Structures are given as C-alpha cells and as structure tokens.
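Examining the three-dimensional arrangement
So you can see what is in the structure, the chains are spelled out below.
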Amino acid sequence: MQSISDKVLKGMSAFSALRLAVSLSGRADDEIAAAMNWSPRVANRIFSNDSYWPSFPTLPRLCAVLGNDILARWVTVNAAVLPEPVDAVDAPTLVTIMGELFGEMGDVAGEGRRALEDGSISELDARRILRELRGVLDKGAEFMGRLQANLEQA
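Given the structure is predicted, the values throughout are model-derived calculations rather than measurements.

Some words on the overall build of the protein chain
Each helix and strand in the protein chain was counted, giving eight helices and zero strands. Taken from the N to the C terminus, the helices and strands of the protein chain come in the order α-α-α-α-α-α-α-α. On the principal axes, the C-alpha backbone points of the protein chain span a range of 55 × 35 × 30 Å. Here the protein chain holds 154 residues, and 35% of them are scored as buried. The long-range fraction of contacts in the protein chain, counting pairs at least 24 apart against all pairs at least 6 apart in sequence, stands at 75%. On the protein chain, roughly 9100 Å² of surface is accessible, and the fraction owed to carbon and sulfur atoms is 59%. Within the protein chain, one finds 16 positive and 21 negative side-chain charges whose respective centroids are separated by 4 Å.

This is the structure in structure tokens:
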C-alpha cells in the first residue's frame with residue numbers, strides 16, 4: 001500500500017510516522033501489540049510519546065501486522081539527509097490546512113457524484129475517485145504530522 005506520498009513522510013517525526021501507520025492499519029494498539037507478542041508494558045511504551053521503539057529486526061513484521069509500508073518508507077525517505085523538523089500548527093495554519101483538507105474531500109465528493117450520474121461506477125470513475133482520495137490521504141497525513149509536532153514541542 002503506497003497511499004501516502006514520500007513528500008509527506010519526509011521530515012515527519014518517527015512518532016508521527018508510527019501513529020500514521022497505526023491509523024492507516026485500522027487496528028487498535030492492543031490488537032497490534034497482541035499480533036506482535038508485545039507485553040502490555042512494552043506496547044504502552046511504544047505507543048506513547050516516549051523515545052522507545054520496536055527493535056530493528058521486528059520492523060518488517062510490524063509493517064506486515066500494520067498492513068502498510070509507512071514505517072519502512074519513512075526510514076528510506078529520511079535516510080539520505082537528516083530530516084528537517086515539520087513545523088507545528090498555529091491558529092492561522094490550522095484554518096488553512098483544514099480548508100485545504102475540506103477542499104480535497106469536496107473533490108472526492110464531486111467525483112463520486114459524477115460517477116453516480118449513470119448509476120454505475122466505471123473503471124475511469126474509480127480511478128478519478130482514487131486520485132482525489134489520495135489527495136485527502138496526503139493532506140490528512142501532513143496535517144497529522146504537523147499536529148504531532150505541536151505535541152512534541154509541548
């Protein structure tokens with residue numbers, strides 16, 4: 001699954017990437033912990049804002065449990081240079097990003113409405129909706145990373 005662009009992952013904090021990967025998995029933290037055979041104590045430390053991470057050898061298995069490659073791609077995207085920190089969100093930026101996110105969601109709705117005009121969803125309709133939906137995912141992931149920066153700076 002490569003629904004989030006590398007551009008969005010570049011500079012994102014490791015914890016933001018972890019939370020994004022977990023969010024996209026659709027699984028609860030406790031489900032992931034059980035699948036990874038982590039004790040509740042270890043899981044709590046990994047899923048908290050502490051600097052405690054899964055071991056390097058377990059990364060492929062974690063990606064498999066999560067059902068996405070966000071963490072592996074985050075490592076690759078940020079390996080060439082030290083990532084520049086993502087800016088935290090201030091009030092004016094929050095309004096801007098939310099407007100952009102709502103705009104992307106409106107684009108998805110527009111394509112969906114267009115697809116339903118003839119009562120069926122063609123291959124072309126599906127491609128158009130997916131293209132717009134990727135915009136929502138990218139903007140949402142960027143938003144998550146920037147909000148996470150607020151927590152990390154607190």
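Still more ground to cover, so stick around.
A few points about the nonpolar core
One finds I32, W38, F47, L62 and L71 to be the most contacted residues of the largest nonpolar core, which totals 25 residues. In this structure, L71 is in contact with A17, L18, A21, L59, L62, C63 and L66, ignoring residues within four places of it in sequence. Counting eight residues, the second largest nonpolar core, distinct from the first, contains V89, L101, V108 and A115.

Quick look at a nonpolar patch on the surface
On the surface, L94, M98, F102, M105 and L147 cluster together into a nonpolar patch covering about 400 Å² of accessible area. It is helix α7 (residues 91–116) that provides the largest number of residues to the nonpolar patch, a total of four residues. By the element assignment, M98 lies in helix α7. Taking relative accessible area as the criterion, M98 reaches 31% and is therefore assigned partly exposed.

Section: the pattern of salt bridges
Counting across every chain of the model gives eight salt bridges. Its salt-bridge partner being E100, residue K139 comes within 2.7 Å of it at the nearest N-O pair. Here K139 is found in helix α8 (residues 123–153), whereas its partner E100 is found in helix α7, with 39 residues between them in sequence. Taking relative accessible area as the criterion, E100 reaches 35% and is therefore assigned partly exposed. Of the charged contacts, one joins R131 and E132 as a salt bridge, the two residues approaching to 3.7 Å between their closest N and O atoms.

Details of helix α5 (residues 59–66)
Taken residue by residue, α5 has L62, C63, V65 and L66 as its buried positions. Buried residues along α5 cover an arc of 160° about the axis, so they all sit on one side. Those residues of α5 that are exposed and aimed more than 90 degrees away from the buried face are P60 and A64. Those residues of α5 hidden inside the fold are in contact with α2 (14–25), α3 (29–36) and α6 (70–79). Just downstream of α5, G67 is the residue with a positive phi angle, here 75°.

Notes on α7
In this model, α7 (26 residues) spans 37 Å end to end at C-alpha, consistent with the 38 Å of a helix rising 1.5 Å per residue. Looking at α7, one finds that the buried residues are T93, I97, L101, V108, E111, G112 and A115.

Rules behind the numbers
Residues numbered from 1 in each chain as written. Predicted model: local features only at pLDDT ≥ 70, side-chain atom pairs only at ≥ 80, totals over all residues. Heavy atoms only, no water. Helix = DSSP H or I, 4+ residues; strand = E, 2+ residues; numbered from the N terminus. Buried < 20%, exposed > 50% of the residue type's maximum accessible area, 1.4 Å probe, protein only. Contact = heavy atoms within 4.5 Å. Areas by Shrake-Rupley, 256 points an atom, 1.4 Å probe, with all protein chains shown as cover. Lys, Arg positive; Asp, Glu negative; His and termini not counted. Charge placed at Lys NZ, Arg CZ, Asp CG, Glu CD. Core = buried A, V, L, I, M, F, W, Y, C linked by side-chain atoms within 4.5 Å. Patch = residues over 30% accessible without salt bridge, like charges linked within 9 Å, V, L, I, M, F, W, Y side chains within 5 Å. Salt bridge = Lys/Arg side-chain N within 4 Å of Asp/Glu carboxyl O. Arc of directions from axis to C-beta. Expected span 1.5 Å × (residues − 1).

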